[in-house]
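The residues making up each chain are set out below.
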Amino acid sequence: MFSLLKDYKTKHEIKQLNKDASAIIEYAYKSFRTETVRDAALMTREHLDRVATVYKGDPLGPKRAIVEYRNLHSEAQRRRDDVSLTAFTLLLIYLRAEVQGPPCLPARNAINQFITDWAHAGRED
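Residues numbered from 1 in each chain as written. Predicted model: local features only at pLDDT ≥ 70, side-chain atom pairs only at ≥ 80, totals over all residues. Heavy atoms only, no water.

Draft legend 1. View of helix 4 (residues 82-100). For helix 4, spanning 19 residues, the distance from its first C-alpha to its last is 27 Å, which sits close to the expected 27 Å at 1.5 Å a residue. Judged by how many residues are buried, helix 4 sits mostly within the fold: 14 of 19 residues are covered. Where helix 4 begins, one side-chain oxygen reaches toward the backbone nitrogen of Val83, 3.2 Å away; that side chain belongs to Asp81. Residue Gly101 follows helix 4 closely and has a positive phi angle near 90°. (Helix = DSSP H or I, 4+ residues; strand = E, 2+ residues; numbered from the N terminus. Expected span 1.5 Å × (residues − 1). Buried < 20%, exposed > 50% of the residue type's maximum accessible area, 1.4 Å probe, protein only. Polar contact = N/O pair within 3.5 Å; in protein donor to acceptor, adjacent residues only side chain to side chain.)

What follows is the structure, given as structure tokens:
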């Protein structure tokens, strides 16, 4: 009985992650100025690189990073920081998609494409 419930939750999460990645990216393009979208993409890349460096070789790395970035996500919400909030939302989706494995490849691909589309841009500080 519980394995059926777990299967349902897993399938639901996979479907939700794949849908949310595209939805967040589309929302960013429709709602924010170009500079904000660019900064969110660059910040997402920066933090994905950080996670890869800090948690390299740790089998629980993605799960630990999720806990860390949930706190940063909450702080960005409190500050109403659109750049950080978008970046951390995409980062959390990416990390949760990594935990789910190959079925969440569409979510990771959407985020990677978003990052790649803005890789040429530098931040104007």
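Draft legend 2. How the structure looks around the pattern of salt bridges. Under the criterion given, the structure shown has nine salt bridges. Where Glu13 meets Arg96, a salt bridge forms, and the shortest distance between an N and an O atom there is 2.9 Å. Of the two residues, Glu13 sits in helix 1 (residues 2-31) while Arg96 sits in helix 4, which places them 83 residues apart along the sequence. Residue Arg38 pairs with Asp39 through a salt bridge whose shortest N-O separation is 3.1 Å. By relative accessible area, Arg38 is classed as buried at 7%. Residue Asp39 is classed as buried on the basis of its relative accessible area of 16%. (Salt bridge = Lys/Arg side-chain N within 4 Å of Asp/Glu carboxyl O.)

Draft legend 3. Here's a closer look at unusual backbone geometry. The phi angle at Arg80 is positive, at roughly 55°, despite the residue not being glycine. As for its position among the elements, Arg80 is in the loop between helix 3 (61-79) and helix 4.

Draft legend 4. Spotlight on the packing of helix 2 (residues 34-54) against helix 4. Relative to each other, helix 2 and helix 4 sit at 45°, their axes nearing to 8 Å. Taken together, the axes of helix 2 and helix 4 are oblique relative to one another. Crossing angle aside, the handedness with which helix 2 passes helix 4 is right-handed. Every residue of helix 4 that contacts helix 2 at Thr36, Asp39, Ala40, Met43, Thr44, His47, Leu48 and Val51 is listed here: Asp82, Val83, Ser84, Thr86, Ala87, Phe88, Leu90, Leu91, Tyr94 and Leu95. For the contact of helix 2 with helix 4, the per-class residue count stands at 11 nonpolar, five polar and two charged. (Axes fitted to C-alpha atoms, helices over the stretch in contact; angles between N-to-C directions. Parallel < 35°, antiparallel > 145°, perpendicular 65-115°, else oblique. Left-handed = near helix turned anticlockwise from the far one by under 90°. Contact = heavy atoms within 4.5 Å. Nonpolar A, V, L, I, M, F, W, Y, C, P; charged D, E, K, R; others polar.)

Draft legend 5. Quick look at the side chain of Arg108. Of note, Arg108 is situated in helix 5 (residues 105-118). Within the structure, the side chain of Arg108 is placed 3.0 Å from the backbone oxygen of Gly101, a separation counted as a polar contact.

Draft legend 6. Inspection of the packing of aromatic side chains at higher detail. All chains considered together, the criterion is met by three aromatic pairs. With centroids separated by 5.8 Å and ring planes inclined at 90°, the aromatic side chains of Tyr29 and Phe114 adopt a geometry described as edge-to-face. Of this pair, Tyr29 sits in helix 1 while Phe114 sits in helix 5; the two residues are 85 residues apart in sequence, bridging distant segments of the chain. When its relative accessible area of 2% is taken as the criterion, Phe114 is described as buried. When the centroid spacing of 5.6 Å and the interplanar angle of 50° are considered together, the rings of Tyr69 and Phe88 count as tilted. In this pair, Tyr69 is assigned in helix 3 and Phe88 in helix 4, connecting sequence segments 19 residues apart. An identical accessibility class is assigned to Tyr69 and Phe88; each is buried. (Phe/Tyr/Trp six-rings, centres within 6.5 Å; stacked < 30°, edge-to-face > 60°.)

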